[in-house]
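# Close look at the chain arrangement
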Amino acid sequence: MSNLNPNLKKMGNFASIALVIIGTTLAIAELFVHRHGEIALEDLPLFPAIYGFAASVFIVVVGIGLRHFLMRREDYYD
Amino acid sequence: MTDITPGILMIIAAVFVPYLPHHLRQIFMLGAIALSAFSLSAGAGIHWSVSVLGQELILHHADNLTLPFGIIFHIAAGLNVIYGWHEKKSMEHTAGLAYAGAAIAAVHAGDLITLFIWWETTAITSVFLILASGTERANKAAMRYLLVQVASGVMLLAGASLYWREVGTLAFGAMELGSLGTWLIFLAFGIKAAFPLLNGWLQDAYPEATILGTVILSAFTTKLAIYAFARGFAGTEYLIWIGAAMTAFPVFFAVIENDLRRVLAYSLNNQLGFMIVAIGIGTELAINGAVAHAFAHIIYKALLFMSIGSVMYRVGTAKATELGGLYKSMPLTMIFCIIGAMSISAFPLFSGFTAKAVIMKAVGYEGLVFVYLVLLAASAGVLHHSGIKIPYFTFFGHDSGLRPKEAPFNMLAAMAIASVLCIAIGVMPTQFYQILPYSLYYQPYDASHIIGQFQLVIFAMLAFTFLMRFGFYPPEIVSTVLNSDWLYRRLIPRIGSPVLAAANKLSIMGNNIIVSSAKKIMSGTLYVYKHPITGPVAPGPAAIALLALLMSVLLLVNLLS
């Protein structure tokens, strides 16, 4: 993250703030709209939000773990 | 005129492509594709069959399932011609046109032998898209690709002949797994559909093709397999589990892969998983979902490969470690890339949303809770590696210092058309659903569904931001990530070479023995030849003893019998 140029950094901050605002709006929206899913579990409050967040973190954590087993130098096959 | 199988005209036209001057050639190819597409209007039924050796080969069969694949394959072929307009060499154009034609003809095959012929034609034509890269690395990948593809074809042929002996027909219709024949056909399809552990060729070969080659490859081979499964094995329960595994595993690999075209190859594999799950369910709703997803997927996947290809065309690399900060230099490419990314991530108003919603509904309707949760997690994963990683590491992220020109006009035009299609499918679901095999009255846009989907994608994006800000996100590393092609590139050679060496030694030993005994026989014969027995010879005592022994044996045998 060290060689971020100032413009990119500004855009990153803007995007992060925007995401937080949209996320909060969506969470609040649940109070006003009855949300239901295809399976019963999905009807739990904020289920897609929590599941989406957790799944993403899980994927990245497992991905990092996989690097220990599956990562080789670039010219491995050459 | 419409009786001619769609696609065949494209294959014939491909023969003339190398002899035409540059711009005329591109126009000629678009014309050939349009003419070929005209055959799609033939309507349902068998339009062309020939009798060969007492077998009825159905060259042109059309119904509700072939039509959507026929349409999208023609659209993809047309987009490829526009995207590759700048390319003056004819190799990729010839191969690409013939390859697309073969895939289209395969979709319209009414029997397994015709299917086999086009199945192999797609393999043989498409390998030139990889060879056209011209590097040693690409040549090797191309040969591995060809071996796997031809193996799939051989299995299809073997399965077809067994199936014919068993059932007495070669007609390509719904099959029931059980006999060796049907299993061989199933596996042949499975190789091309990049099943788990059979998927190595996909991530190995696609990123080694040329820029245009990868875009062309992304559309046809795997979706032909999806079509074949939908026709032959709809409702086969194994497919639900295989498909669920396909959606999940590639996601982890995509997160740590550095080559962005390879990341897209993993995400292609993951998308195929959604379609395979739907085919495994096999209800009308689910098959509609699989076809809708294949249709939408071909466009947004091509769009993503096109945008990364344009970047590669300008800066010469698609490695995340070497890219970044291109948003200012290639703003239009960035916008198109993000449209592709939002489509594949299933943002409402984009094509992935209207297509995937049908599959999710079908899975939910069957009460497959575990599979549903896997697909939902995989959707978050898609967003992660294709939706965020691809545009982020290319156009934002760290500044690579590269300041290339915007992509050439023809590339932008192809991406613009693909983008329009992505959005059109996203905003006009009712019209889109009309091309599906079965009638579907479904409205994906209700407040509940929109909010749920937005929550999923926005919070997955928040997770990315969170991991990035706190330094948990794995940095891009120049590396090779092992995939199932390791099995035949490393494991089998490692185990195989000692066995082969031993077998070789044995055969040399055996050879030596044969050679030395042959030499002895030869020299003995020569000796006798050179020293002929001449004149009357009195038998010695040994000869008399041998004669006596033979006589006694004969007597004994006579007595006993």
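As the structure is a computational prediction, the values presented were derived from the model and not from experiment.

## Considerations on the interface of chain B and chain A
Many authors give the size of an interface as the accessible area that is lost as the parts come together. With 62 residues of chain B at the contact, the number on the chain A side is 53 residues. When chain B packs against chain A, close to 5,100 Å² is buried across both sides, 68% of that on carbon and sulfur atoms. Counting across the chain B and chain A interface gives three salt bridges. The residue Arg-137 of chain B makes a salt bridge to Asp-78 of chain A at a minimum N-O spacing of 3.6 Å. Elements with a contribution of two residues or more to the side of chain B that touches chain A: helix 11 (238–256), helix 15 (351–365), helix 16 (369–395), helix 19 (447–469), strand 3 (480–481) and helix 20 (486–530) of chain B. With 18 residues, the single largest contributor to the side of chain B that touches chain A is helix 19 of chain B. The residue inventory of the side of chain B that touches chain A, partitioned by class, reads 39 nonpolar, 12 polar and 11 charged.

## Brief notes about the domain arrangement of chain B
All names here are of chain B. Under the domain assignment used here, chain B contains domain 1 (1–232) and domain 2 (234–495). Taking only C-alpha atoms, the centre of domain 1 and the centre of domain 2 are 23 Å apart. Facing the 49 residues of domain 1 at the interface are 48 residues of domain 2. For the pair domain 1 and domain 2, the summed buried area comes to about 4,200 Å², and 73% of that belongs to carbon and sulfur atoms.

## A look at the packing of aromatic side chains
All told, the structure shown has 35 aromatic pairs over all chains when counted by the stated rule. Between Phe-58 of chain A and Phe-252 of chain B, the ring centres sit 6.1 Å apart and the planes meet at 75 degrees, which makes this aromatic pair edge-to-face. In this pair, Phe-58 of chain A sits in helix 2 (residues 47–70) while Phe-252 of chain B sits in helix 11, so the two residues belong to two different chains. When the ring of Phe-73 of chain B is compared with that of Phe-220 of chain B, the centres are 5.1 Å apart and the planes differ by 70 degrees; the resulting orientation is edge-to-face. Placement of the pair is Phe-73 of chain B in helix 3 (residues 66–83) and Phe-220 of chain B in the loop between helix 9 (211–219) and helix 10 (221–232), with a sequence separation of 147 residues. A residue is classified by how much of its surface remains accessible, and Phe-73 of chain B, at 0% relative accessible area, is buried. Here the aromatic cluster, defined as three or more aromatic residues joined through ring pairs, consists of Trp-119, Phe-172, Trp-183, Phe-186, Phe-189, Phe-195, Phe-229, Phe-233 and Tyr-238 of chain B.

What counts, and where the lines are drawn
- Residues numbered from 1 in each chain as written.
- Chains lettered and ligands numbered in written order.
- Predicted model: local features only at pLDDT ≥ 70, side-chain atom pairs only at ≥ 80, totals over all residues.
- Heavy atoms only, no water.
- Contact = heavy atoms within 4.5 Å.
- Buried area = accessible area lost by both parts, 1.4 Å probe.
- Salt bridge = Lys/Arg side-chain N within 4 Å of Asp/Glu carboxyl O.
- Helix = DSSP H or I, 4+ residues; strand = E, 2+ residues; numbered from the N terminus.
- Nonpolar A, V, L, I, M, F, W, Y, C, P; charged D, E, K, R; others polar.
- Domains from an automatic or database assignment.
- Phe/Tyr/Trp six-rings, centres within 6.5 Å; stacked < 30°, edge-to-face > 60°.
- Buried < 20%, exposed > 50% of the residue type's maximum accessible area, 1.4 Å probe, protein only.

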